Amino acid sequence: MATIKDEKETPIVLRADIIDMGLLHLLESRYIVVVEKRGEDIVFELYKK
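Residues numbered from 1 in each chain as written. Predicted model: local features only at pLDDT ≥ 70, side-chain atom pairs only at ≥ 80, totals over all residues. Heavy atoms only, no water.

Structural notes on the pattern of salt bridges
Basically, it comes down to this: By definition here, a salt bridge exists when the distance from a side-chain nitrogen of Lys or Arg to a carboxyl oxygen of Asp or Glu is within 4 Å. Only protein chains enter the area calculation, which uses a 1.4 Å probe; residues under 20% of their type maximum are buried, those over 50% are exposed, and those in between are partly exposed.
Under the defined criterion, the tally for this structure stands at three salt bridges. A salt bridge links R38 to E36, with the shortest nitrogen-to-oxygen separation between them at 3.4 Å. When the shortest N-O distance is used, the salt bridge between E45 and R38 registers 2.5 Å. Take E45: its relative accessible area is 14%, and that puts it in the buried class. For R38, a relative accessible area of 29% puts it in the partly exposed group. Among the charged side chains, a salt-bridge network with shared partners connects E36, R38 and E45.

Written out as structure tokens, the structure reads:
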């Protein structure tokens, strides 16, 4: 399960339970992706290229 928190300012934040490498590759084609673990969640911060 993943949720997206889209704020008017960058970055876009995506929280997920697991890392799907296909999704990560797709995101990296459009965004600069920063991945980190926060508590029990994996957090993707997406910055526009």
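Next comes the rest of the account.
Structural notes on the nonpolar core
Applicable threshold: Put simply, a nonpolar core is a bunch of buried Ala, Val, Leu, Ile, Met, Phe, Trp, Tyr and Cys residues held in one set by side-chain atoms that sit within 4.5 Å of each other. Each helix is a run of H or I in the DSSP string that is no shorter than four residues. Each strand is a run of E no shorter than two, and both are numbered from the N terminus. When checking whether two residues touch, look at their non-hydrogen atoms; a contact exists if any pair is within 4.5 Å.
Core analysis: the biggest nonpolar cluster contains ten residues, these being I12, L14, A16, L24, L27, Y31, V33, I42, F44 and L46. When residues of this core are traced back to their parent elements, those giving at least two are β2 (12-16), α1 (21-28), β3 (31-38) and β4 (41-48). Residues contacting V33, with those up to four places away along its chain left out, are L24, L27, E28, F44, E45 and L46.

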